[in-house]
Amino acid sequence: MSSLAPTISSVSASLPLPLKDDQPADLNIPDNYIDWVLKNQKPLPPITWSNWWKRLNRLTLTILLLTHLISIWGVFHVSLCWKTASWSIAYYFITGLGITAGYHRLWAHRSYNASKPLQYFLAMAGTGAVQGSIRWWCRGHRAHHRYTDTELDPYNALKGFWWAHIGWMMIKPRRKPGIADVSDLSKNAVVRWQHRWYLPLIIGMGLVLPTVVAGLGWGDWKGGFFYAGAARLCFVYHSTFCVNSLAHWLGEASFDEKHTPRDHVITALVTIGDGYHNFHHQFPMDYRSAIKWYQYDPTKWFIWTCQLVGLASHLKVFPDNEIRKGQLTMQLKRLKDTQEGLTFAPDVNGLPVISWESFQEQATKRPLVVIGGFIHDVSSFMDEHPGGRHLIAKNIGKDATTAFFGGVYDHSNAAHNWLSMMRVGVLHGGTQHGLDDKNVPPAQRMRVMHYHEFGSASSSAWSDEEGIGG
Ligand SMILES: [Zn+2]
Ligand SMILES: [Zn+2]
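Keep in mind it's a predicted model, so treat the numbers as computed, not measured. (Residues numbered from 1 in each chain as written. Chains lettered and ligands numbered in written order. Predicted model: local features only at pLDDT ≥ 70, side-chain atom pairs only at ≥ 80, totals over all residues.)

1. Notes on the overall build of the protein chain
- On a plain count of helices and strands, the protein chain comes out with 20 helices and six strands.
- For a compact globule of 470 residues, the expected C-alpha radius of gyration is about 23 Å, and the protein chain comes in at 33 Å, more than 25% above that figure.
- Considering only C-alpha atoms, the protein chain reaches an extent of 100 × 65 × 55 Å along its principal axes.
- Expressed as a percentage of its 470 residues, the buried residues of the protein chain come to 33%. (Helix = DSSP H or I, 4+ residues; strand = E, 2+ residues; numbered from the N terminus. Rg over C-alpha atoms; globule rule 2.2 N^0.38 Å. Buried ≥ 20, exposed ≤ 12 C-beta atoms within 10 Å, placed from the backbone.)

2. Some thoughts on the UniProt feature "transmembrane region" (unreviewed entry) in the protein chain
- In this numbering, the UniProt entry assigns the feature "transmembrane region" (unreviewed entry) to residues 59-82, 89-106, 118-138 and 197-219.
- The span residues 118-138 carries 71% helix and 0% strand; its end-to-end C-alpha distance comes to 18 Å.
- End C-alpha atoms of residues 197-219 are separated by 29 Å, and the span's content is 91% helix alongside 0% strand. (UniProt positions renumbered as here; feature names shortened; annotations may be inferred.)

3. Section: the sheet that holds strand 6 (residues 423-427)
- Overall, mixed pairing links the four strands, which are arranged 3-6-5-4 in an open sheet. The open sheet terminates on both sides in strands that have one partner only, identified here as strand 3 (353-354) and strand 4 (368-371).
- Bridging between strand 3 and strand 6 involves two bridges; their strand directions are parallel. Paired with V353 across the strands is V426, a residue of strand 6. (Pairing = 2+ DSSP bridges.)

4. Considering the UniProt feature "domain: Cytochrome b5 heme-binding" (unreviewed entry) in the protein chain
- Residues annotated by UniProt as "domain: Cytochrome b5 heme-binding" (unreviewed entry) correspond here to residues 369-428.
- Taken end to end, residues 369-428 is 28% helix and 20% strand, and its first and last C-alpha atoms sit 14 Å apart.

5. Some remarks on the packing of helix 4 (residues 82-108) against helix 5 (residues 116-127)
- The geometry of helix 4 relative to helix 5 is characterised by a closest axis approach of 7 Å and an angle of 120° between their N-to-C directions. Put simply, helix 4 runs oblique to helix 5. As helix 4 runs across helix 5, the sense of the crossing is left-handed. Contact with helix 4, carried on its side by I94, T95, L97, G98, I99, A101, G102, Y103 and L106, involves L122, A123, A125 and G126 of helix 5 and no other residues of that element. (Axes fitted to C-alpha atoms, helices over the stretch in contact; angles between N-to-C directions. Parallel < 35°, antiparallel > 145°, perpendicular 65-115°, else oblique. Left-handed = near helix turned anticlockwise from the far one by under 90°. Contact = placed C-beta atoms within 7 Å.)

6. Concerning the pairing of strand 5 (residues 374-377)
- The pairing of strand 4 with strand 5 spans four bridges and is classified as antiparallel. Across the sheet, residue V370 finds its bridge partner in strand 5, namely I375.
- Hairpin remark: strand 4 followed by strand 5, antiparallel, with two residues in the connecting loop; positive phi at G372, about 60°.
- Two strands pair when backbone bridges link them, and strand 5 and strand 6 are joined in this way by three bridges, in the antiparallel orientation. In the strand pairing of strand 6, F374 is matched with V426.

7. Concerning the packing of helix 4 against helix 14 (residues 298-308)
- It is at 10 Å that the axes of helix 4 and helix 14 come closest, and there the two elements cross at 70°. One way to sum up the angle between helix 4 and helix 14 is to call them roughly perpendicular. Note on element contacts: helix 14 touches helix 4 through T299, F302 and I303, opposite L97, T100, A101 and R105.
- When grouped by side-chain class, the residues that make up the contact of helix 4 with helix 14 number four nonpolar, two polar and one charged. (Nonpolar A, V, L, I, M, F, W, Y, C, P; charged D, E, K, R; others polar.)

8. What to know about helix 19 (residues 413-420)
- Those residues of helix 19 not exposed but buried are H416, L419 and S420. Taken down its axis, helix 19 places every buried residue within 100° of arc, on the same side.
- On its buried face, helix 19 is in contact with strand 4, strand 5 and strand 6. (Arc of directions from axis to C-beta.)

9. Re the nonpolar core
- Membership of the largest hydrophobic core comes to 57 residues, with the highest contact counts inside it found for Y103, W107, L122, I134 and C138.
- Of all the elements in the fold, those that place two or more residues in this core are helix 4, helix 5, helix 6 (134-146), helix 9 (189-196), helix 10 (198-218), helix 11 (221-244) and helix 14.
- The greatest single-element share of this core, amounting to twelve residues, is contributed by helix 11.
- Beyond its immediate chain neighbours, meaning those up to four positions away, I134 contacts Y103, W107, A123, G126, L185, V191 and Q194.
- Counting residues in hydrophobic clusters, the runner-up holds 14 residues, among them F374, I375, F404 and V426. (Core = buried A, V, L, I, M, F, W, Y, C linked by C-beta atoms within 7 Å.)

10. Structural notes on the environment of G373
- With respect to the helices, strands and loops of the structure, G373 is situated in the loop between strand 4 and strand 5.
- As a C-alpha pair, G373 and F279 span 94 residues in sequence and 49 Å in three-dimensional space.

11. Overview of unusual backbone geometry
- The backbone of R110 shows a phi angle near 50°, a positive value even though the residue is not glycine.
- Inspection of the secondary structure puts R110 in the loop between helix 4 and strand 1 (113-114).
- With a phi angle near 55°, I272 is a residue other than glycine that sits in the positive phi range.
- Residue placement: I272 occurs in the loop between helix 12 (265-270) and helix 13 (277-282).
- The exposure class of I272 is buried, given the 27 C-beta atoms found within 10 Å.

12. So, the environment of T211
- Mapped onto the elements of the fold, T211 is located in helix 10.
- With 20 C-beta atoms counted inside 10 Å, the residue T211 sits in the buried group.
- Taking the C-alpha atoms as reference points, T211 and P177, separated by 34 residues in sequence, lie 36 Å from one another.
- T211 has contacts with W221, G224, F225 and G229, leaving out every residue within four places of it along the chain.

13. So, the environment of A85
- Within the secondary structure layout, A85 lies in helix 4.
- Look at A85 and you get partly exposed, because 13 C-beta atoms sit within 10 Å.
- Expressed as a C-alpha distance, the spacing of A85 and A214, which sit 129 residues apart in the sequence, is 9.9 Å.

The following block contains the structure:
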């Protein structure tokens, strides 16, 4: 560790280092960046019952509170007609797509290329969701992906569901999010345009446009403001927030269980398709969240349609082979857990080797039968035998291999597995020729093994005689 000392001391204690505008922000960070920050940058004092009100993020809190209060007041005082209801739902999807297809998949992850008209549409739609500028949002989101579940993750899901959902915005964070480069976005003309006009754009797209459409369209100015404006905004908020909370909490780790992201269709339904979050954290630059075309992911369908009409191109898709490897790993892990929860036949090496004479002598004292070279004590099973006790009784002290494997009845795999549990010894002289396969109970012909258990065969992988394969 001492070799790291010069690196650390040469880095100023206040990252990021001063860089030229067009340089990536993370160009000069130490290799042990996370440890370095946790050691060298002190967090703000912890939140307690006596000081929490001083730590509130007043601006965000006001916006969130106001939109919710206005919506609730509207629900009780303004009647909702079907035209306004339809418009509110449509505008929910438009502004939601601005976040999922625009902010998230296009700008935060560069998962496809968008033409200028599509970029302006997404920037404006995303502004209507009132979640900060593209640049600010993507900077936080890139930090979330890079430092998932650590102190440097702005919406660290390990701090609890509600912290990841909304708490991180309402209380000033104790640490700055970890460094993440957004120099590409600083150069993007549409991102700069949105940043410049952000305040008039959020008022226009967040409240004025939804009100004016309903007002000029069918005379429902009030409904436009309360439902398509405020209430719709609340729904878009919680839809996006669920990607940080619900998507890190509900469902299956289909590709990797190292971190909290999970896959679930319910999350997909409430987030306009961002619900397959375990996949997304594994393959963040894939333009899809749900890999199967029919799985609910309207954002993916939208991007795909944009490509069809020439508005989007270069849709990124991770190689199917690599995706399936992740799935296989998790499937094998689950199988191994099942395997380890079961009891199998005793290990052959642990069984005593017994001569034919000794077997016959012992079989006079307890019911022993030879099948496939193994000696079985069938005392607990004789009365349970579906074919009747007599068929076992007549084979005691004998080799019943032929009778068991088809001579009398070709026993099922289940019977063979159960029989193997009654093994008490190995017959000296080995097994009959041609019975090798029958020595192994069907349930033990395939095993899930950790690579540590593979044995020494893999050591040859370190040989350098053949050079590096192409
Ligand atoms: Zn996430
Ligand atoms: Zn993401």
